[in-house]
Amino acid sequence: MPGLLRGVARTAVVAGTATAVSNRVSRRQAGRWAQQEAPAQVYQEPAPAAAPPPPPPGADMTSKIDQLKQLGDLKNQGVLTEAEFEEQKRRILG
């Protein structure tokens, strides 16, 4: 049973992180499109969304490593900036 709970918890954490990153990417892309359509306007980034809930107590280091690998992949693909990567890494490592 603990293995099942750990798997469910890991899935919830990964899904939450993926959703947060996806939403952030969507907002950045919408901002870039808005800048292209109206170059005279100054784009102000919206206030950051509420922080994702902290991982459940008992989340093991394996899930954190998996999340960090996913973030590293997103950064290498150019989806995340260095600052965004550092912020998400800080959240994961708590």
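Asks: Sorry if this is basic, but what is going on with the overall build of the protein chain here?
Replies: The secondary structure content of the protein chain amounts to 3 helices and 0 strands. Taken from the N to the C terminus, the helices and strands of the protein chain come in the order α-α-α. Counting only residues that meet the buried cut, the protein chain has 15% of its 94 residues in that class. A fraction of 64% describes how many contacts in the protein chain between residues 6 or more apart in sequence connect residues 24 or more apart. Per element, the accessible surface of the protein chain, about 6,700 Å² overall, is 59% carbon and sulfur.

Asks: For this particular structure, what's the right way to read the pattern of salt bridges?
Replies: Charged atoms that come close allow side chains of opposite charge to pair. The tally for this structure, following the rule as stated, stands at 5 salt bridges. Two residues, arginine 28 and glutamate 84, come together in a salt bridge whose shortest N-O distance is 3.0 Å. Of this pair, arginine 28 sits in helix H1 (residues 2–37) while glutamate 84 sits in helix H3 (residues 82–93), placing them 56 residues apart in sequence. A single burial state applies to arginine 28 and to glutamate 84, both of which are buried. In this structure, glutamate 82 and lysine 75 form a salt bridge, with 2.9 Å as the shortest nitrogen-oxygen distance. By relative accessible area, which is 42% here, glutamate 82 ends up partly exposed. One network of salt bridges, with partners in common, ties together Arg24, Arg28 and Glu84.

Asks: When you look at the confidence of the model for the protein chain in this model, what are you seeing that I'm missing?
Replies: Caution applies to low-pLDDT parts of the model: their predicted coordinates are not meant to be read in detail. Within the protein chain, residue pLDDT values average 77, and 72% of them lie at 70 or more. Element-level pLDDT for the protein chain is lowest in H1, with a mean of 78, against a maximum mean of 88 in H3.

Asks: Where do I start with the packing of helix H2 (residues 61–76) against H3 in this structure?
Replies: To describe two helices that pack against each other, one gives the angle between their axes and the distance between the axes. At a minimum axis distance of 10 Å, the contact between H2 and H3 shows a crossing angle of 175°. Classed by the angle they form, the pair H2 and H3 counts as roughly antiparallel. Between H2 and H3, the contacting residues are Lys64, Gln67, Leu68, Leu71, Gly72 and Lys75 on the first element and Glu82, Phe85, Gln88, Lys89, Ile92 and Leu93 on the second. Residue composition of the contact of H2 with H3, by class: 5 nonpolar, 3 polar and 4 charged.

Asks: So what exactly am I meant to see when it comes to H2 here?
Replies: Two residues of an α-helix separated by three or four positions point the same way, owing to the 3.6 residues in each turn. Taking 1.5 Å per residue as the helical rise, H2 with its 16 residues ought to reach 22 Å, and the 22 Å between its terminal C-alpha atoms agrees with that figure. Within the span of H2, buried status applies to Ser63, Gln67, Leu71 and Gly72. The positive-phi residue at the C-terminal boundary of H2 is glycine 78, with phi of around 90°.

Asks: Even after reading the chapter, I still don't get the nonpolar core, so can you show me in this structure?
Replies: Where a protein is soluble and globular, its nonpolar side chains tend to be buried together. If you look at the biggest cluster of nonpolar residues, it comprises 5 residues: Val21, Leu71, Leu80, Phe85 and Ile92. If sequence neighbours within four positions are ignored, leucine 80 has contacts with Val21, Arg28, Leu71, Leu74 and Lys75.

Rules used in this analysis
- Residues numbered from 1 in each chain as written.
- Predicted model: local features only at pLDDT ≥ 70, side-chain atom pairs only at ≥ 80, totals over all residues.
- Heavy atoms only, no water.
- Helix = DSSP H or I, 4+ residues; strand = E, 2+ residues; numbered from the N terminus.
- Buried < 20%, exposed > 50% of the residue type's maximum accessible area, 1.4 Å probe, protein only.
- Contact = heavy atoms within 4.5 Å.
- Areas by Shrake-Rupley, 256 points an atom, 1.4 Å probe, with all protein chains shown as cover.
- Salt bridge = Lys/Arg side-chain N within 4 Å of Asp/Glu carboxyl O.
- pLDDT = per-residue confidence, 0-100.
- Axes fitted to C-alpha atoms, helices over the stretch in contact; angles between N-to-C directions.
- Parallel < 35°, antiparallel > 145°, perpendicular 65-115°, else oblique.
- Nonpolar A, V, L, I, M, F, W, Y, C, P; charged D, E, K, R; others polar.
- Expected span 1.5 Å × (residues − 1).
- Core = buried A, V, L, I, M, F, W, Y, C linked by side-chain atoms within 4.5 Å.

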